[in-house]
Number of protein chains: 2
Amino acid sequence: MKKFVIKGDICYSETSDKLYTAKDSYAVCEDGICAGVYQKLPERYEAFPCYDYTGHLVIPGLTDLHVHAPQYPFRGLGMDLELIDWLNTHTFVEEAKYAELSYAEKAYEIFTEDLRNSATARACIFGTIHTKATLLLMEKLEESGIIAYAGRVNMDRNSPENLCEKDAVTAARDTEEWILECGRFQNVRPMLTPRFIPVCSDALMEELSRLQKKYHLPLQSHLSENLGEIEWVKELCPDAAFYGAAYDKYGLFGNDCPTIMAHCVHSSEDEIRMMKEQNVFVAHCPESNTNLSSGIAPVRKYLELGVHAGLGSDIAAGSGLSIFKAMAMAVQCSKLRWRLTDQSLVPLRIEEAFYLGTKGGGAFFGKAGSFEKGYEFDAIVLDESSLRHPQELDMKERLERFIYLADDRCIAAKFVGGVRLFEKNQRHVF
Amino acid sequence: MKKFVIKGDICYSETSDKLYTAKDSYAVCEDGICAGVYQKLPERYEAFPCYDYTGHLVIPGLTDLHVHAPQYPFRGLGMDLELIDWLNTHTFVEEAKYAELSYAEKAYEIFTEDLRNSATARACIFGTIHTKATLLLMEKLEESGIIAYAGRVNMDRNSPENLCEKDAVTAARDTEEWILECGRFQNVRPMLTPRFIPVCSDALMEELSRLQKKYHLPLQSHLSENLGEIEWVKELCPDAAFYGAAYDKYGLFGNDCPTIMAHCVHSSEDEIRMMKEQNVFVAHCPESNTNLSSGIAPVRKYLELGVHAGLGSDIAAGSGLSIFKAMAMAVQCSKLRWRLTDQSLVPLRIEEAFYLGTKGGGAFFGKAGSFEKGYEFDAIVLDESSLRHPQELDMKERLERFIYLADDRCIAAKFVGGVRLFEKNQRHVF
């Protein structure tokens with residue numbers, strides 16, 4: 001059923017600093033696409049079934065631009081180290097387990113179910129180097145109704161033996177086999193996923209560049225997250241003027257193929273300029289950057305320059321899947337950055353954080369993350385009843401406190417691409 | 001029923017860096033006091049009724065050293081300003097409403113119920129300048145079973161007219177009347193609460209000093225939270241060598257009367273030395289200090305120097321009541337402080353954050369926040385079932401992830417001072 005109307009208190013971002021709110025209004029879904037928001041329902045939609053969420057906030061689905069599915073089991077654990085040591089001590093040990101499909105089955109079942117129950121409608125997801133486990137993850141995502149890109153990870157150097165591809169040619173052959181297997185999915189598409197420069201040989205990058213040209217796939221990776229990592233990339237790629245240039249050398253830094261780079265905490269001016277010119281998306285992951293002591297990304301600068309940006313949970317360096325929490329932490333971290341290091345970039349406002357988690361990140365999927373006409377219809381219905389208050393609140397205030405206070409209990413219903421995924425309390429459709 | 005045994009996986013802090021864990025063990029409560037933790041229950045306690053929480057983590061009750069009850073309605077709202085502007089724009093407007101007892105009734109009912117449902121067993125709480133509303137808050141706290149200090153706030157200058165006491169003498173008379181009214185409470189005791197130096201005249205401080213000597217009351221206030229505030233105190237008190245000295249001038253800075261100073265983000269070496277020498281407790285409020293762009297307190301230094309310290313939610317500059325969240329943010333903020341400003345103070349570890357939220361803050365109440373022999377018996381039973389994972393975890397890992405991931409759903413039962421406040425799923429007592 002992809003023709004319907006939702007009634008409620010509707011909120012979405014028009015631009016990064018402009019929030020649109022419409023109380024007791026109607027959002028119309030026609031063939032999975034939003035046909036607009038109306039304070040009085042036009043006659044031509046009166047015959048559509050209507051989900052009546054009067055009194056509830058209704059917002060666009062959220063987008064998680066950066067999440068590692070196999071790391072979900074150790075969320076909230078072992079965040080006592082910086083990036084490289086954390087990868088070696090915690091992450092790689094856990095990811096190696098996905099060679100066993102029975103472990104992947106248990107772990108990905110939990111991940112997918114929790115993601116489905118969250119406010120995230122769309123996500124860009126890292127798997128591991130294991131083709132079978134990654135396909136299993138994609139099957140589960142497909143069943144869940146989430147719209148996603150997922151990546152079988154590539155890494156062929158500086159990695160533990162049990163998590164290191166044999167060589168670039170084998171890696172490319174396995175990756176191509178995986179790409180061809182992905183044809184069977186509708187809502188989950190493959191994405192090239194070189195882990196990051198330190199673990200990808202030049203030969204591997206060349207192979208991935210070839211595959212990208214052949215299949216025109218989007219790409220996700222990591223960039224300028226941690227100071228030690230950046231130094232390491234300098235040593236490994238002495239000819240690259242900056243970290244991003246080490247991707248760009250192989251044509252794997254935006255332009256024709258949509259590209260996400262997670263973190264960009266310490267990006268240089270030249271790197272930022274190239275991101276802007278080549279349409280690279282920044283996945284800002286404030287909790288991860290805090291937990292791994294990486295630093296705080298200059299998100300205000302990205303917004304000012306018009307660099308594409310959205311939010312990522314970055315499980316398991318981030319502890320939870322909530323993109324609401326990522327919004328709150330984006331504001332919080334921008335305040336600490338302003339106070340502690342750089343008063344030239346004013347803190348983010350809540351409208352801007354909401355934009356990043358909806359329309360900002362949603363743009364990676366085309367027209368997603370808004371109720372403007374022509375956008376794909378993703379909607380989250382919020383249940384604020386457990387967040388009691390004695391005073392009157394306007395819609396912007398209700399949204400702001402929801403971002404700070406809510407958890408997955410407070411998601412009353414979820415629609416993705418015009419399909420209703422769940423509804424906590426059955427409602428009358430009239 | 002104050003003689004009983006709890007069976008479960010018991011965790012508590014021995015020191016700030018040493019976590020004690022005992023699987024399948026027994027914590028014994030005798031007349032409200034902990035008689036120790038045993039892996040095999042001694043014969044003399046075998047006749048005590050036993051709550052069987054096998055498989056659940058059992059931890060000491062948490063302490064919230066700094067929370068403003070009247071600000072609970074606007075938690076998660078309006079955190080777009082720094083301290084002084086935030087007080088004038090948001091806080092004082094809300095606090096003025098407590099002149100109306102009907103508003104206080106609604107608001108304090110919500111606050112007290114949510115506090116009761118949280119993992120907080122003990123709290124030090126600010127009210128407003130309104131005697132009746134503050135007594136109403138104390139009645140509700142008394143009914144809830146929480147053990148608390150609560151304060152009728154004093155402020156007689158630099159405040160909006162409807163939130164400013166008439167003069168020091170009137171303020172003292174009203175405060176004394178309030179103190180005398182508090183005799184009827186068992187679990188909730190009065191605490192002197194001058195809001196902070198900028199809104200308390202010299203004459204008022206003198207009156208409060210007199211009252212403290214007469215009634216030997218503990219005291220709570222704010223200290224060195226924000227750079228602008230500190231400058232203002234310098235102007236107002238040119239004879240004080242540092243902010244804390246402006247309290248000390250009136251004998252209101254520790255020594256005989258237990259004293260909590262919230263924040264201490266920017267305390268000078270001299271101020272810290274005086275806090276240490278005069279046994280002042282620091283209430284570290286990491287979320288508040290982030291939301292109001294105040295900065296990050298040097299908690300590692302307080303731990304190293306042996307300054308008493310615990311955690312505060314600081315509603316509504318902090319968005320929620322959870323002291324688990326305060327623990328996580330204490331670690332997170334200490335990492336950002338280390339990365340961004342001062343590599344001489346290494347980040348907090350999770351054991352240290354847990355200590356601050358239990359035994360560290362609990363010390364303000366005497367022996368509280370631990371299951372060591374002789375401590376008052378506060379216990380929280382954790383329900384980890386919603387935080388699913390595919391792998392085995394040890395007790396420390398279970399505790400760490402609970403701190404990062406849990407919310408009030410995950411509190412299965414709560415005991416304060418040997419009294420069971422609630423139990424979510426009725427269990428057999430045998």
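As the structure is a computational prediction, the values presented were derived from the model and not from experiment. (Residues numbered from 1 in each chain as written. Chains lettered and ligands numbered in written order. Predicted model: local features only at pLDDT ≥ 70, side-chain atom pairs only at ≥ 80, totals over all residues. Heavy atoms only, no water.)

Draft legend 1. Up close: the relation of the copies chain A and chain B. For these two chains of identical sequence, chain A goes onto chain B by a turn of 180° and a shift of 0.0 Å along the axis, with RMSD 0.0 Å. Seen this way, the second copy is the image of the first under a two-fold rotation axis. For chain A, the minimum C-alpha distance to the rotation axis belongs to A:L340 and amounts to 3.4 Å. (Least-squares fit on C-alpha atoms with pLDDT ≥ 70 in both.)

Draft legend 2. Representation of the sheet that holds strand β16 (residues 411–416) of chain B. Residues and elements named next belong to chain B. Reading across the sheet, the seven strands line up as β3-β2-β1-β4-β15-β16-β17 and stay open at both edges, with mixed pairing between neighbours. Taken across any chain shown, the strands that pair with only one partner, and hence form the sheet edges, are β3 (33–38) and β17 (419–423). Looking at each pair of strands side by side, their axes are set apart by 35° on average, direction ignored. Across three bridges, the pairing between strand β4 (residues 50–60) and strand β15 (residues 379–382) is antiparallel. Within β15, the residue paired with V58 across the bridge is V381. (Pairing = 2+ DSSP bridges. Helix = DSSP H or I, 4+ residues; strand = E, 2+ residues; numbered from the N terminus. Axes fitted to C-alpha atoms, helices over the stretch in contact; angles between N-to-C directions.)

Draft legend 3. Representation of the side chain of A:R122 within the structure. Residues and elements named next belong to chain A. Among the secondary structure elements, R122 is positioned in strand β6 (residues 120–126). R122 gets classed as buried once you look at its relative accessible area, which sits at 1%. A distance of 2.5 Å separates a polar atom in the side chain of R122 from a polar atom in the side chain of D378. The contact partners of R122, leaving out residues within four places of it in the chain, are L62, T63, D64, I146, I147, F365, A368, E376, D378 and G417. (Buried < 20%, exposed > 50% of the residue type's maximum accessible area, 1.4 Å probe, protein only. Polar contact = N/O pair within 3.5 Å; in protein donor to acceptor, adjacent residues only side chain to side chain. Contact = heavy atoms within 4.5 Å.)

Draft legend 4. Inspection of the nonpolar core at higher detail. If you look at the biggest cluster of nonpolar residues, it comprises 136 residues, and the most contacted ones within it are A:F111, A:I125 and A:F324. When sequence neighbours within four positions are dropped, the list of residues in contact with A:I125 reads A:V67, A:A69, A:F111, A:L115, A:L137, A:L141, A:A148, A:Y149, A:A150, A:G151 and A:Q220. Membership of the second largest hydrophobic core comes to 135 residues, among which are B:L19, B:A171, B:A316 and B:L382. (Core = buried A, V, L, I, M, F, W, Y, C linked by side-chain atoms within 4.5 Å.)

Draft legend 5. Geometry of the pairing of strand β12 (residues 259–263) of chain B. All names here are of chain B. With five of five residues buried, β12 is to be regarded as a mostly interior element. Relative to β12, strand β11 (residues 219–223) runs parallel, the two sharing five bridges. Bridge pairing in β12 links L219 to T259. Pairing of β12 with strand β13 (residues 280–284), which is carried by four bridges, proceeds in the parallel orientation. From the neighbouring strand, I260 faces β13, where its bridge partner is F281. The handedness of the β12 to β13 crossover, carried by helix α8 (residues 269–277), is right-handed. (Right-handed = clockwise from strand over helix to strand, strands pointing away.)

Draft legend 6. How the structure looks around the interface of chain A and chain B. Each partner contributes residues to the interface: chain A has 50 residues there, and chain B has 50 residues. Both sides together, the interface formed by chain A and chain B hides about 4300 Å², and carbon and sulfur atoms give 55% of it. Between the two partners, chain A and chain B, sit ten salt bridges. A salt bridge links B:R409 to A:D408, with the nearest nitrogen and oxygen atoms 3.1 Å apart. Remark: the boundary between chain A and chain B carries 22 residue pairs in polar contact (both at pLDDT 80 or more). Listing elements by their share of the side of chain A that touches chain B, those giving two or more residues are α2 (101–117), α9 (286–291), α11 (323–340) and α13 (395–405) of chain A. Considering every element that reaches the side of chain A that touches chain B, the biggest residue donor is α11(A), with nine residues. Counted by class, the side of chain A that touches chain B contains 19 nonpolar, 13 polar and 18 charged residues. (Buried area = accessible area lost by both parts, 1.4 Å probe. Salt bridge = Lys/Arg side-chain N within 4 Å of Asp/Glu carboxyl O. Nonpolar A, V, L, I, M, F, W, Y, C, P; charged D, E, K, R; others polar.)

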